[in-house]
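Commentary on secondary and tertiary structure
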Amino acid sequence: MLWWHNAAVYQVYPRSFFDGNADSLGDLSGVQKKLPYLSSLGVDALWLSPFYPSPQLDSGYDVANPRDVDPMYGTLSDIRELIGQAHRQGLRIIVDIVPNHFSREHPWFQEALLSPPGSRERARFHFLDSEGDSPPNNWVSMFGGPAWTRTINPDGSPGQWYLHVFDSSQPDLNWTHPDVASDWLTTLKFWLDMGVDGFRVDVAHGLAKDMTYADLPDPVGLTEALRFDLDDGSPQAAQRRELIANSGFFDRDELQEVYASWRSVLDSYPGDRMTVAEAWVPPHRIGRYVSPSSLHQIFGFDFLVVAWNAVAMQRTITQGLDAVAHVGAPPTWALSNHDSPRVASRLGGGALGLNRARALATVAHALPGGIYIYQGEELGLSDAELPDSARQDPVFSRTKGQQKGRDGARVPLPWAGNMPPYAFTDSEKPTWLPQPIGWGTFTVEAEDADPTSTLNLYRTLVRDRKQLSGAVTFIESGDSNVMIFARDKGFHCMVNAGMHPYQLSDKFPICEVLVSSDMQLGGKNESVPPNCAVWFVT
Ligand code: GLC
């Protein structure tokens, strides 16, 4: 088995992880200082969200130079040191790359703006003319509003339009242009030479575009199908997902050529380097991204949206396993990331949401494959309530506040103490997003000291999942609110999503609880309360 087949990967969102140089922003030296904490969690690897030079109009996913470090995060020697130190501690490093678009501040885009229509400089992006005042077609940005912005000519007259599937500050690259493909190979080699163990490929399904730029039949439906879309197993949900398949700017067949060339570069390096695709595609299209001649792994996103319901959870697990079974790659599971509401909030908030989040984590860690943990999830954090004036996500501004955006899940982590900044920074300056009052019981310091804390639950789950083996077999529980599955050596995982306790010994007269999500149960003949999951052996 290769290291990433069953790795626990911790997502660091550097801006909000830990401030190492007292300027109130998280940075690379902050990550390095907290490596012992990550080792204590037992994870195998870190995925670093972008730390490249960027105007930060989409929190660093608007990259102005993919082969450097933004001064707000440190320097190239800081990242080199971080990689070295992580490796000495047995932690691997995965960096996030954003090949679908650059920031408008990237020199190529600046050159393009100064160059005439039809020039080589403009051809690296998607610049188009259009009749009248309307955009060249009906494509809609994933962040709301049209996917096109009009340029202004040097004489002040309206110019061509450029495509941006995300924010207008993120012009999409034209992957049919030879400069684009070759520049990205240079970027891959740059980081591989520096020693990174892999890449998280941002919007991996987005690079290729329909170069006839034909209108989409349902442009808004496509954006809605993508994120936070509950796949409730209904034909409508399946139809919505089909809107993504081979559409104008997502999931096009031409992508396979790009990833084949990347794979040969990765394979030419020693040390089992890997790639994980952020690709929101219907299950039957996954083989286009994951194969021996393409990328290695794809995020399983279904736990980000699964309902608190035993039937839905079983369906989600079955879908997740089936989706990759035919491509021969291990599945991956994620409960949250920097783009989604925190799982404790999504599942009801407060103590109820937290219990459910812990139970869902207990289920996810019992499954085969890789697991991705978003920073703060291991503390059981909820989304922070933020005043609109504090919001920074372009989703908020582009939808004119109709969608609140993703800032609630991106608030700086609480490390110690009872008041903001909870030892996140030594600076007096306010943090970039305000931390809430009341996180004193969610700090690393507080949870470290509490044997029943979410942090200590995660430590147990991350450590013990490595002992598990074998395929997943679902067992009839006799209660539609209770899901049970078994793996090898008598191991079982059970979750109670109902309103009443479930007596394990009724179904399994001889069983022993190994771990419970509330960290209260153990031993024999347990009654498992609602909103709780357990691991047991028979
Ligand atoms: C990915 C990132 C998200 C970003 C978007 C555009 O989905 O996860 O944070 O806004 O790409 O780069």
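Shown above is the structure to which this text applies.
Thresholds applied
Residues numbered from 1 in each chain as written. Predicted model: local features only at pLDDT ≥ 70, side-chain atom pairs only at ≥ 80, totals over all residues. Heavy atoms only, no water. Pairing = 2+ DSSP bridges. Helix = DSSP H or I, 4+ residues; strand = E, 2+ residues; numbered from the N terminus. Contact = heavy atoms within 4.5 Å. Axes fitted to C-alpha atoms, helices over the stretch in contact; angles between N-to-C directions. Buried < 20%, exposed > 50% of the residue type's maximum accessible area, 1.4 Å probe, protein only. Phe/Tyr/Trp six-rings, centres within 6.5 Å; stacked < 30°, edge-to-face > 60°. Core = buried A, V, L, I, M, F, W, Y, C linked by side-chain atoms within 4.5 Å.

Below, the discussion takes up the sheet that holds strand 16 (residues 512-516). The strand order across the open sheet formed by 6 strands is 12-13-14-19-16-17, and the pairing between neighbours is antiparallel. At either end of the open sheet lies a strand with only one pairing partner, and these are strand 12 (473-475) and strand 17 (523-524). On top of the sheet, helix 10 (residues 310-325) reaches strand 12, strand 13 (482-486) and strand 14 (491-496); it is set at about 30° to strand 13, its chief contact. Taken strand by strand, helix 12 (residues 350-364) contacts strand 13, strand 14 and strand 19 (532-537), and its axis lies near 30° from that of strand 19.

Burial runs high along strand 6 (residues 158-163): 5 of the 6 residues are buried. Two elements, strand 5 (residues 148-152) and strand 6, share 4 bridges in a ladder whose sense is antiparallel. Counted as the bridge partner of Arg150 is Trp161 from strand 6. Where strand 5 hands over to strand 6, the hairpin turn is made up of 5 residues, of which Gly156 adopts a positive phi near 90°.

This paragraph deals with the packing of aromatic side chains. Ring pairs (aromatic) are described by centroid distance and by the angle formed between their planes. Applying the stated criterion across every chain, the model contains 33 aromatic pairs. Measuring from ring centre to ring centre gives 6.1 Å for Tyr10 and Phe17, while their planes differ by 75°; the resulting arrangement is edge-to-face. Using a relative accessible area of 0% as the deciding quantity, one classes Tyr10 as buried. Note on Phe17: relative accessible area 0%, which makes it buried. Measuring from ring centre to ring centre gives 6.0 Å for Trp148 and Tyr213, while their planes differ by 70°; the resulting arrangement is edge-to-face. Here Trp148 is found in strand 5, whereas its partner Tyr213 is found in the loop between strand 7 (198-201) and helix 7 (219-226), with 65 residues between them in sequence. Residue Trp148 shares its accessibility class with Tyr213, and that shared class is buried. Feature note: the residues Tyr10, Phe17, Phe18, Tyr37 and Trp415 constitute an aromatic cluster, connected by ring pairs.

Let us now look at the sheet that holds strand 5. Two modes of strand pairing occur in sheets, parallel and antiparallel, and in both the strands are linked by backbone hydrogen bonds. Spatially, 4-6-5 is the arrangement adopted by the 3 strands of the open sheet, whose pairing is antiparallel. The outermost strands of the open sheet, each flanked by one partner alone, are strand 4 (127-128) and strand 5.

With that settled, the discussion passes to the nonpolar core. Within the largest apolar cluster, 161 residues are counted, with the highest numbers of intra-cluster contacts made by Tyr10, Phe51, Ile79, Phe199, Tyr259, Trp262 and Phe303. Within the second largest apolar cluster, 13 residues are counted, among which are Met494, Leu504, Phe508 and Phe536.

On the secondary structure map, Pro136 appears in the loop between strand 4 and strand 5. The class of Pro136 is partly exposed, set by a relative accessible area of 22%. Between the C-alpha atoms of Pro136 and Val327, which are 191 residues apart in sequence, the distance is 38 Å. Aside from chain neighbours lying at most four places away, what touches Pro136 is Leu128, Asp129, Ser130, Trp148 and Trp161.

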